[in-house]
Amino acid sequence: MKKDSLKSIIVITAICLVIAALMAAINSITSPMIAEANAKAEKEALFTVLPEAEDFEKVEDGIELPESVTAVYVETKGKGVAVMLNAKGYDSSNPMVIAVGIDAEGKITKCHVVSCNGETSGIGTKVNTPAFLDQFSRAGNGLEGVDTISGATISSSAFISAVRDALEVYEMTKEAGK
């Protein structure tokens with residue numbers, strides 16, 4: 001009986017080791033593909049929010065970024081700034097990924113939702129509708145007149161807060177001479 005228990009432990013351990021090795025191999029193959037797809041999606045988002053841009057340069061240092069900001073890109077010809085952000089809405093463990101474009105005068109050109117998988121379908125995902133997104137570019141240099149979505153207050157408030165952080169970062173880049 002003791003031999004049977006030992007044999008079972010060895011078999012289960014061997015199975016676990018094989019599965020772990022397979023998972024590591026699959027991860028090493030898929031990780032570069034996932035990183036490339038994410039980089040492509042981010043670059044597309046930058047040109048979506050600042051459509052007149054020619055190219056972007058990532059701001060690596062010189063400013064202290066708010067927690068929601070994941071990356072800041074300055075347009076190389078001085079046409080504006082694009083900010084990538086994580087907005088913690090309904091599911092804070094799976095934040096919305098958004099891009100905000102701000103032109104050289106500090107006006108929001110466009111907001112773009114890269115993903116909002118953690119938001120409730122049909123409710124929180126309304127942050128990805130033209131009715132909600134277009135109000136940011138109409139607001140001018142601030143967020144006056146931008147309203148939350150009834151029934152999706154958590155998601156839309158998180159989105160608005162992230163856009164506010166993007167405007168703050170824009171001001172910091174101007175002050176830093178970026």
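Everything numeric in this text was worked out from a predicted model, so none of it was measured.

K.L.:
Help me get a handle on the sheet that holds strand S3 (residues 80-87), residues and values and all.
P.N.:
Pairing in this open sheet of 5 strands is antiparallel, and the strands run S1-S2-S3-S4-S5 from one edge to the other. At either margin of the open sheet sits one strand with a lone partner, and together these are strand S1 (56-58) and strand S5 (108-115). Geometrically, the sheet is characterised by an average inter-axis angle of 25° between neighbouring strands, direction not taken into account. In terms of strand pairing, strand S2 (residues 69-75) meets S3 through 5 bridges, oriented antiparallel.

K.L.:
Would you mind going over the packing of aromatic side chains in detail, with residue names and values included?
P.N.:
Applying the stated criterion to the full structure yields 4 aromatic pairs. Geometrically, the ring pair formed by Phe132 and Phe159 is edge-to-face, given 5.2 Å between the ring centres and 75° between the ring planes. Separated by 27 residues along the polypeptide, Phe132 in helix H2 (residues 130-138) and Phe159 in helix H3 (residues 153-175) bring together distant segments of the chain. Grouping residues by exposure puts Phe132 and Phe159 together as buried. Ring plane angle 45° and centroid distance 5.4 Å describe the contact between Phe136 and Phe159, whose orientation is recorded as tilted. Residue Phe136 is located in helix H2, and its partner Phe159 is located in helix H3; the two are separated by 23 residues in the primary sequence. Here the two residues Phe136 and Phe159 agree in accessibility, since each one is buried. Cluster of aromatic residues (ring-pair linked, three or more members): Phe132, Phe136 and Phe159.

K.L.:
Provide a residue-level description of helix H1 (residues 2-49), including the pertinent values.
P.N.:
With 48 residues, H1 should cover 70 Å at 1.5 Å per step; its first-to-last C-alpha distance of 67 Å lies within 8% of that length. Along H1, the helix axis deviates most sharply at Thr30, where the bend reaches about 35°; the proline Pro32 sits within four residues downstream. If you check which residues of H1 are buried, you get Ala45, Leu46 and Val49. Packed against the buried residues of H1 are S1, S2, S3, strand S4 (96-103) and S5.

K.L.:
Pulling in residues and values, what's your account of the side chain of Asp103?
P.N.:
Tracing the sequence through the fold places Asp103 in strand S4. Despite its burial, Asp103 remains without a salt bridge, the nearest opposite charge being carried by Lys107 at 5.9 Å.

K.L.:
Describe the state of the cysteines, with residues and values.
P.N.:
Summed over all chains, the structure comprises 0 disulfides. Looking at the unpaired Cys111, the closest cysteine sulfur is the one in Cys116, lying at 13 Å. Note on Cys116: relative accessible area 11%, which makes it buried.

Cut-offs and rules
Residues numbered from 1 in each chain as written. Predicted model: local features only at pLDDT ≥ 70, side-chain atom pairs only at ≥ 80, totals over all residues. Heavy atoms only, no water. Pairing = 2+ DSSP bridges. Helix = DSSP H or I, 4+ residues; strand = E, 2+ residues; numbered from the N terminus. Axes fitted to C-alpha atoms, helices over the stretch in contact; angles between N-to-C directions. Phe/Tyr/Trp six-rings, centres within 6.5 Å; stacked < 30°, edge-to-face > 60°. Buried < 20%, exposed > 50% of the residue type's maximum accessible area, 1.4 Å probe, protein only. Expected span 1.5 Å × (residues − 1). Bend = angle between axes of the 7 residues up to and from the residue. Contact = heavy atoms within 4.5 Å. Lys, Arg positive; Asp, Glu negative; His and termini not counted. Salt bridge = Lys/Arg side-chain N within 4 Å of Asp/Glu carboxyl O. Disulfide = S-S within 2.5 Å.

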